[in-house]
Amino acid sequence: MSSTQGTDENRRLLRTLKGETMWPPPIWLMRQAGRFLPEFRALREKADFLTRCMTPDLATEITLQPIRRFAMDGAILFSDILILPWAMGQSLQFIDKRGPVLEPIRSEADLARLDPARIEERTAPVAETLRRVRKALGEQVGAAAPDTVTLIGFAGAPFTVSCYMVDGGSSKEFAQTRLMAFREPALFDRLINLLMETTASMLADQIEAGAQAVMLFDSWSGLLPPHEFRRHVINPTRQIVQSLKSRYPDVPVIGFPRLAGVMAPEYARETGVDAMALDTGADLTTIASQVRSDLVLQGNLDPVAVLAGGKAMIREALAIREAGKGRPHVFNLGHGVLPETPTEHVGELIAALRTV
Ligand code: CP3
């Protein structure tokens, strides 16, 4: 199996995710393969988003773009959290300036039309992309030496994926989804359970194909009141982590309960994740004092600081690096790189963080 290729000695991100304290901390950025890169925009002209995700040649190239340019410590698979509902047969389109549009799931009949048996076949190109990226990372990629970059697979967490499935696209409130949770709790529980099982098996497939760590994005978890947060965020996440740990005890799982606020320590304690990614509003020092000392923390520079660049960006970045000192910490942003971000700002950020 590919997970035994090479040694982990030079993979600073993987060692940190397994609990080692490294200085300076390893770095990767959410949405590092995205529109802020001119080479990404060039490929974007050639194929629509779903085609880019589902064509191993293109997805491999896009995954490697930020590694070539910045020698990031982590390469995150180029894909999307909405590939799972798409693979179960829910219609999905990405429309410019509007984002994803799905045919909404509102009833038992809509739910019954989803076909989890199709997932493995429809996501076969994703597995192929992971195999190719993993192979490429065994060689020199730009300034990144062989076997120094950790390959990260990912999925959306059940609640966040349900938001897009039920509301049918992006929203500020995801009112339809949260209404379903109140009005039709049995139906909503069935959807969350389906997502829990399919997400665990899809992440297992990603690990088999070469992912060395996996991340669960729960971008909208902060919309829920505490009892629902426990039911729809903590509980399914714990079951996914347990399922993965029973088969792959050494593969780190990163959880990102975005906007969880006061619920973050309970998430860290109850889900079993190895690492917790912090959003922009979280205070790293405070959270560090509230969680077990071996929990890896990831984050959390404001993406707007990177858009701004200059002294303010460097000052904020070094303060976060300092706050994570003495514990396992992965430097990252509090959310994705903004599309308008000048590429030089990212280069300057990485250089400053690697200077001790
Ligand atoms: O570089 C990476 O981080 C890896 C790839 C990745 C993408 N999406 C590529 C993408 C990852 C990890 C995601 C996760 C994702 N997708 C999340 C969770 C993280 C978050 O941002 O909160 C969510 C909520 C989605 C759903 C999604 N995908 C939306 C709402 C949109 C439209 C908004 C936008 O930025 O355009 C997407 C499209 C998308 N996913 C793009 C990329 C690079 C832009 C599409 C394009 O290039 O045309």
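Residues numbered from 1 in each chain as written. Predicted model: local features only at pLDDT ≥ 70, side-chain atom pairs only at ≥ 80, totals over all residues. Heavy atoms only, no water.

## Digging into the overall build of the protein
Convention followed: Each helix corresponds to a stretch of at least 4 residues labelled H or I by DSSP, and each strand to a stretch of at least 2 residues labelled E; elements are numbered beginning at the N terminus. Our radius of gyration is a C-alpha quantity, and the globule rule it is checked against amounts to 2.2 Å times the number of residues to the power 0.38. Only protein chains enter the area calculation, which uses a 1.4 Å probe; residues under 20% of their type maximum are buried, those over 50% are exposed, and those in between are partly exposed. Residues count as neighbours in contact if any of their non-hydrogen atoms are within 4.5 Å of one another. Where accessible areas are quoted, they stem from the Shrake-Rupley method and a 1.4 Å probe; at the residue level, only the protein chains shown are allowed to cover. Asp and Glu are treated as the negative residues and Lys and Arg as the positive ones, with His and the ends of the chain left uncounted. A single reference atom marks each charge: NZ on Lys, CZ on Arg, CG on Asp, CD on Glu.
In terms of regular secondary structure, the protein is built from 17 helices and nine strands. Since a compact globule built from 356 residues should have a radius of gyration of about 21 Å, the 19 Å found for the protein is in line with a globular shape. Across its three principal axes, the protein shows a C-alpha extent of roughly 55 × 45 × 40 Å. For the protein, with 356 residues in total, the buried portion stands at 57%. Restricting the contact set of the protein to residue pairs at least 6 apart, pairs at least 24 apart contribute 72%. If you sum the accessible surface of the protein, you get close to 14700 Å²; carbon and sulfur atoms cover 51% of it. Between the mean site of the 40 positive side-chain charges and the mean site of the 42 negative ones, the protein shows a separation of 2 Å.

## Overview of the packing of aromatic side chains
Defined as follows: Two rings from Phe, Tyr or Trp (for Trp, the six-membered ring) form a pair when their centres are within 6.5 Å of each other. A pair whose planes differ by under 30 degrees is stacked, one over 60 is edge-to-face, and the rest are tilted. A ring has a charge above it when a Lys NZ or an Arg CZ is no more than 6 Å from the ring centre and no more than 35 degrees off the ring normal.
Applying the stated rule across the entire model yields nine aromatic pairs. Ring geometry for Phe 49 versus Phe 94: centroids 4.3 Å apart, planes at 65 degrees, classification edge-to-face. On the criterion of sequence distance, the pair formed by Phe 49 in helix α3 (residues 49–54) and Phe 94 in strand β2 (residues 92–95) is long-range, its members being 45 residues apart. Counting every residue linked through ring pairs, the aromatic cluster contains Phe 40, Phe 49, Phe 78 and Phe 94. Above the plane of the ring of Trp 220 lies Arg 258, whose end atom (NZ or CZ) is 4.9 Å from the centre. Here the guanidinium or amino end of Lys 325 rests over the ring plane of Trp 23, the centre of that ring lying 4.5 Å away.

## Details of the pattern of salt bridges
Here is the rule we go by: The term salt bridge refers to a side-chain nitrogen of Lys or Arg lying within 4 Å of a carboxyl oxygen of Asp or Glu.
Considering all chains together, one arrives at 21 salt bridges under this definition. Here Arg 68 and Glu 61 are joined by a salt bridge, their closest N and O atoms 2.9 Å apart. Looking at Glu 61, the relative accessible area reads 28%, which means it is partly exposed. Between Glu 208 and Arg 247 there is a salt bridge, and its shortest N-O distance comes to 4.0 Å. Highlighted residues: Glu 208 in helix α11 (residues 185–208) and Arg 247 in helix α12 (residues 226–247), separated in sequence by 39 residues. Taking relative accessible area as the criterion, Arg 247 reaches 52% and is therefore assigned exposed. Salt bridges sharing partners connect three or more residues here, namely Asp 8, Arg 11, Lys 18 and Asp 147.

## Digging into the packing of α11 against α12
As a reminder of what qualifies: Only the stretch in contact is used when a helix axis is fitted, and all axes are lines through C-alpha atoms; the angle between N-to-C directions ranges over 0 to 180 degrees. Throughout this description, any angle smaller than 35 degrees is read as roughly parallel, any larger than 145 degrees as roughly antiparallel, any in the 65 to 115 degree range as roughly perpendicular, and the remainder as oblique. Handedness of a helix crossing follows the sense of rotation of the near helix relative to the far helix, less than a right angle counterclockwise being left-handed and clockwise being right-handed. Only Asp, Glu, Lys and Arg are considered charged, only Ala, Val, Leu, Ile, Met, Phe, Trp, Tyr, Cys and Pro nonpolar, and every remaining residue, Gly among them, polar.
Between α11 and α12, whose axes approach to 10 Å, the crossing angle comes to 30 degrees. Our classification of the angle between α11 and α12 gives roughly parallel. Our pair here, α11 against α12, has a crossing hand that is right-handed. Contacts between α11 and α12 involve Phe 188, Asp 189, Ile 192, Met 196, Thr 199, Ala 200, Leu 203, Ala 204, Ile 207 and Glu 208 from the former and Arg 231, His 232, Pro 236, Gln 239, Ile 240, Ser 243, Leu 244 and Arg 247 from the latter. Grouping the amino acids of the contact of α11 with α12 by side-chain chemistry returns ten nonpolar, four polar and four charged.

## Digging into the site of the ligand
For clarity, the cut-off: Definition of nearness: a residue and a molecule or strand are near each other if at least one heavy atom of the residue lies within 4 Å of the molecule or strand. Pairs of N or O atoms are called polar contacts if they sit within 3.5 Å, as long as, within protein, a hydrogen donor faces a hydrogen acceptor (for residues adjacent in sequence, only side-chain-to-side-chain pairs).
Residues in contact with the ligand amount to 24 residues; listed here are only the nearest, Arg 31, Arg 35, Asp 80, Ser 219 and His 335. Arg 35 places a side-chain nitrogen or oxygen 2.5 Å from an oxygen atom of the ligand. Here an oxygen atom of the ligand sits 2.6 Å away from a polar atom, N or O, in the side chain of Ser 219. Here the ligand, which alone exposes 860 Å², has 88% of that area covered by the protein. Contributing elements (two or more residues each) for the shell around the ligand: α2 (38–46), α3 and β3 (99–102). When the residues that make up the shell around the ligand are grouped by side-chain class, the tally is 13 nonpolar, six polar and five charged.

## A closer look at α12
Rules: To estimate how far a helix should extend, the number of its residues minus one is multiplied by 1.5 Å. Values of bend correspond, residue by residue, to the angle between axes fitted over the seven residues ending at that residue and the seven starting there.
End to end, α12 covers 30 Å across 22 residues, agreeing with the expected 32 Å (1.5 Å per residue, within 8%). Approximately 30 degrees is the largest bend angle found in α12, and it occurs at Ile 234, with the proline Pro 236 only one to four residues beyond. Those residues of α12 lying buried are Glu 228, Phe 229, His 232, Val 233, Ile 234, Pro 236, Thr 237, Ile 240, Val 241 and Leu 244. For α12, the secondary structure elements touched by its buried residues are α9 (158–167), α10 (175–183), α11, β5 (213–218), β6 (253–257) and α13 (264–271).

## Quick word on unusual backbone geometry
Between Trp 23 and Pro 24 the backbone carries a cis peptide bond, its omega angle lying at -5 degrees. A cis amide bond, omega -15 degrees, links Gly 299 with the succeeding residue Asn 300. When you line up the elements, Asn 300 lands in strand β8 (residues 296–301). Its identity is not glycine, yet Arg 31 carries a phi of approximately 55 degrees, on the positive side. Within the fold, Arg 31 resides in the loop between α1 (12–17) and α2. Take Arg 31: its relative accessible area is 53%, and that puts it in the exposed class.

## Some thoughts on the sheet that holds strand β1 (residues 74–76)
Defined as follows: Paired strands, in this sense, are two strands between which DSSP finds at least two bridges.
With parallel pairing, seven strands are arranged side by side in an open sheet as β1-β4-β5-β6-β7-β8-β9. With one partner strand each, in any of the chains shown, β1 and β9 (329–333) form the two edges of the open sheet. The mean inter-strand angle of the sheet, taken between neighbouring strand axes irrespective of direction, is 25 degrees. Judged from the five bridges that link them, β8 and β9 form a sheet pairing that is parallel. Of the residues in β9, the one forming a bridge with Asn 300 is Asn 332. α12 rests against β5 and β6 of the sheet, and its axis sits at about 170 degrees to β5.

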